[in-house]
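These are the residues of each chain, in order.
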Amino acid sequence: MAEQDKRARFERLVLPHLDAAYSLAAWLLRDDAQAEDAVQEAYLRAFRFFDSLRGDEARPWLLGIVRNTCYSFLQLARREAGTASFEEDGCGEEAVATGAVVSFPVNPEAAAIRAADRARVHECLRALPAEYREAVVLREIHGCSYREIAAVCAVPIGTVMSRLSRGRRLLQQSLAAGLSREDTGT
Amino acid sequence: MKCPEAIRLLDAYVDDELDVTGVLALDDHLRACPRCRAREEGLRALRSTLQRHTEFRVAPASLRSRVSADTQSTAIPGRRRWALGAAAVGALGLVAVMGWNAGTNQTIPVSKRKVIYHLSDSRTASAALRTLGNHLQASPTTKVVVVAHNEGVDFLLRGARDESGQLFETAVQRFKQRGVEFRVCTNTLVRRKIEATGIVPEATLVPSGIEEIERLQQAEGYSYLRM
């Protein structure tokens, strides 16, 4: 009966977050089919380690498992590809070293950012190094609090703040740049 | 406060994650510093652009079936199949179509739940939005319609701020993105001489708030929560 209780509790606490899990995986892996596989794998892991869930706060706990599963998928894909790829591997240190100062434009061109179209927004968000992308996606799309993001990514809240902030700076720059390029191109 | 400190706190400020002391100090700085105001505007522009063009992805039905089938089968002791693939869905997948609780009891499937949040008092808006956040966290697929009438419409006025000085509209935008609808009673607006343009664009107008609540309950099967 214990097994049945566990399943009922799992269905009540964890299954309702399937959309959140899929949404995060799709943004981290940037591939819908892979995201489905990763979420299925993550749920298997979640069920296996269900005892490690403390309290009823299942969402950050589950999203943490989804995140780790996605990164192991990416690592596996890289290893299968044989050589080290230039594609970022979920860290993005090459793109922006930790502690590097991403300059904050004095005039971030709010109008240009507001005018960016859907395709451009997706392109820029997908191009963001993974550690910034996950913070921005968890905040803006999943509506997570800083505390939840810290739990999902297993980093201190200070790190969440700096990643969000750098990620947004990069997005602002790429969105504004894309637009001005278009403007001069015609 | 100097600019570097303001820049460091600006994201948390826009995210409503700053404590009251920080908010007050940053408010003062922003009043005095046009460059940091431009930075704040840039951040808000980014947020509204992201919210307009990205959305929460809904899991495909096939994935729902796969995950549900796994849970059903892995729960049988001694027959755990961790690496179950899509092929294994088969008969077990059928269970999933009926919702997560199928097979155990007759609870309404999560996605069919519909709730009205009725606001008629301006003082309860913050608490109501907090409750709504917790509600959606526990049950992300529940459909919520917030119906505001009398003083309950105050938080949907343009520029309305909560007790800590944060724009209500920021929270309203976030909820709207998650599928929550905000409906405002036109009778109230007429009686209180509020122009329709004074209402945030995220909200829609209905002729009568009370009639809307009655209609949602009778015709669409919503349950009712008084906030």
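In what follows, the accompanying structure is described. (Residues numbered from 1 in each chain as written. Chains lettered and ligands numbered in written order. Predicted model: local features only at pLDDT ≥ 70, side-chain atom pairs only at ≥ 80, totals over all residues. Heavy atoms only, no water.)

## Things to note about the overall build of chain B
At step 1: Each helix and strand in chain B was counted, giving nine helices and five strands.
At step 2: Residues counted as buried form 47% of the 227 residues belonging to chain B.
At step 3: Restricting the contact set of chain B to residue pairs at least 6 apart, pairs at least 24 apart contribute 67%.
At step 4: Accessible area for chain B stands at about 11,100 Å²; split by element, carbon and sulfur atoms hold 55% of it. (Helix = DSSP H or I, 4+ residues; strand = E, 2+ residues; numbered from the N terminus. Buried < 20%, exposed > 50% of the residue type's maximum accessible area, 1.4 Å probe, protein only. Contact = heavy atoms within 4.5 Å. Areas by Shrake-Rupley, 256 points an atom, 1.4 Å probe, with all protein chains shown as cover.)

## A word on the packing of aromatic side chains
At step 1: Following the criterion strictly, the structure yields six aromatic pairs over all chains and no others.
At step 2: Here Phe10(A) and Tyr43(A) contribute two aromatic rings whose centre-to-centre distance is 6.1 Å and whose plane-to-plane angle is 90 degrees, an arrangement assigned as edge-to-face. Placement of Phe10(A) in helix 1 (residues 2-13) and of Tyr43(A) in helix 3 (residues 32-48) is noted, with a sequence separation of 33 residues between them. Across this residue pair, the class does not change: Phe10(A) and Tyr43(A) are buried.
At step 3: For the pair Phe155(B) and Phe182(B), a centre-to-centre distance of 6.3 Å together with 65 degrees between the ring planes defines the contact as edge-to-face. In this pair, Phe155(B) sits in the loop between strand 2 (143-148) and helix 7 (168-177) while Phe182(B) sits in strand 3 (residues 181-185), placing the two residues 27 residues apart along the sequence.
At step 4: Relative accessible area serves as the criterion here: at 1%, Phe182(B) is assigned to the buried category.
At step 5: In textbook terms, an aromatic cluster arises when at least three aromatic residues are bridged by ring pairs, as seen for Phe10(A), Tyr43(A), Phe47(A), Phe50(A) and Trp61(A). (Phe/Tyr/Trp six-rings, centres within 6.5 Å; stacked < 30°, edge-to-face > 60°.)

## Looking at the side chain of Arg59(A)
At step 1: Looking at the secondary structure, you find Arg59(A) in helix 4 (residues 58-80).
At step 2: Residue classification places Arg59(A) among the buried positions, given a relative accessible area of 6%.
At step 3: In this structure the side chain of Arg59(A) is engaged in a polar contact, spanning 3.3 Å, whose partner is the backbone oxygen of His142(A).
At step 4: If we skip the residues at most four places from it in the chain, Arg59(A) touches His17(A), His142(A), Gly143(A), Cys144(A), Glu148(A) and Gln137(B). (Polar contact = N/O pair within 3.5 Å; in protein donor to acceptor, adjacent residues only side chain to side chain.)

## Some thoughts on the layout of surface pockets
All names here are of chain B.
At step 1: What the largest pocket holds in volume is close to 840 Å³.
At step 2: Asp16, Leu129, Arg130, Ala171 and Arg174 are, among the 29 residues lining the largest pocket, the residues nearest its centre.
At step 3: Looking at the lining of the largest pocket, the elements with two or more residues in it are helix 2 (20-32), helix 6 (125-138) and helix 7.
At step 4: Among the elements that line the lining of the largest pocket, the one with the most residues is helix 6, at six residues.
At step 5: Looking at the lining of the largest pocket residue by residue, the class counts come to nine nonpolar, eight polar and twelve charged. (1 Å grid on protein atoms, 1.4 Å probe; cavity = no way out; pocket = protein on both sides within 12 Å on 5 of 7 lines; lining within 4 Å. Points joined across faces, edges and corners; volume = space filled by probe spheres on them. Nonpolar A, V, L, I, M, F, W, Y, C, P; charged D, E, K, R; others polar.)

## Points about the pairing of strand 3 of chain B
Residues and elements named next belong to chain B.
At step 1: Counted residue by residue, strand 3 has four buried out of five residues, so it is predominantly covered.
At step 2: Pairing of strand 2 with strand 3, which is carried by four bridges, proceeds in the parallel orientation. Among the inter-strand pairings, Val146 is bridged to a residue of strand 3, identified as Phe182.
At step 3: Relative to strand 4 (residues 204-206), strand 3 runs parallel, the two sharing three bridges. What sits directly across from Arg183, in strand 4, is Thr204. (Pairing = 2+ DSSP bridges.)

## A look at the pairing of strand 2 of chain B
For a regular strand, side chains alternate in direction, first toward one face of the sheet and then toward the other.
Residues and elements named next belong to chain B.
At step 1: Within strand 2, five of the six residues are buried, leaving the element largely enclosed by the surrounding structure.
At step 2: The pairing of strand 1 (residues 114-119) with strand 2 spans six bridges and is classified as parallel. The partner of Tyr117 across the bridge, within strand 2, is Val146.
At step 3: With helix 6 bridging strand 1 and the parallel strand 2, this β-α-β connection has right-handed handedness.
At step 4: Traced from strand 2 through helix 7 to strand 3, the parallel crossover comes out right-handed. (Right-handed = clockwise from strand over helix to strand, strands pointing away.)

## Quick look at the pattern of salt bridges
At step 1: A full pass over the atoms with the stated rule returns 31 salt bridges over all chains.
At step 2: With a shortest N-O distance of 2.8 Å, Arg67(A) and Glu134(A) are connected by a salt bridge. Of this pair, Arg67(A) sits in helix 4 while Glu134(A) sits in helix 7 (residues 130-141), and the two are 67 residues apart along the sequence. For the residue pair Arg67(A) and Glu134(A), the accessibility class agrees, reading buried in each case.
At step 3: The salt bridge involving Arg31(B) is made with Asp28(B); its shortest N-O contact spans 2.8 Å. Here the residue Arg31(B) and the residue Asp28(B) both occupy positions in helix 2, the gap between them amounting to three residues, near one helical turn.
At step 4: Put simply, Arg139(A), Glu140(A), Arg168(A), Arg169(A), Asp11(B), Asp15(B), Glu17(B) and Arg47(B) are held in one network by salt bridges that share partners. (Salt bridge = Lys/Arg side-chain N within 4 Å of Asp/Glu carboxyl O.)

Remember, this is a structural readout, not a statement about activity or role.
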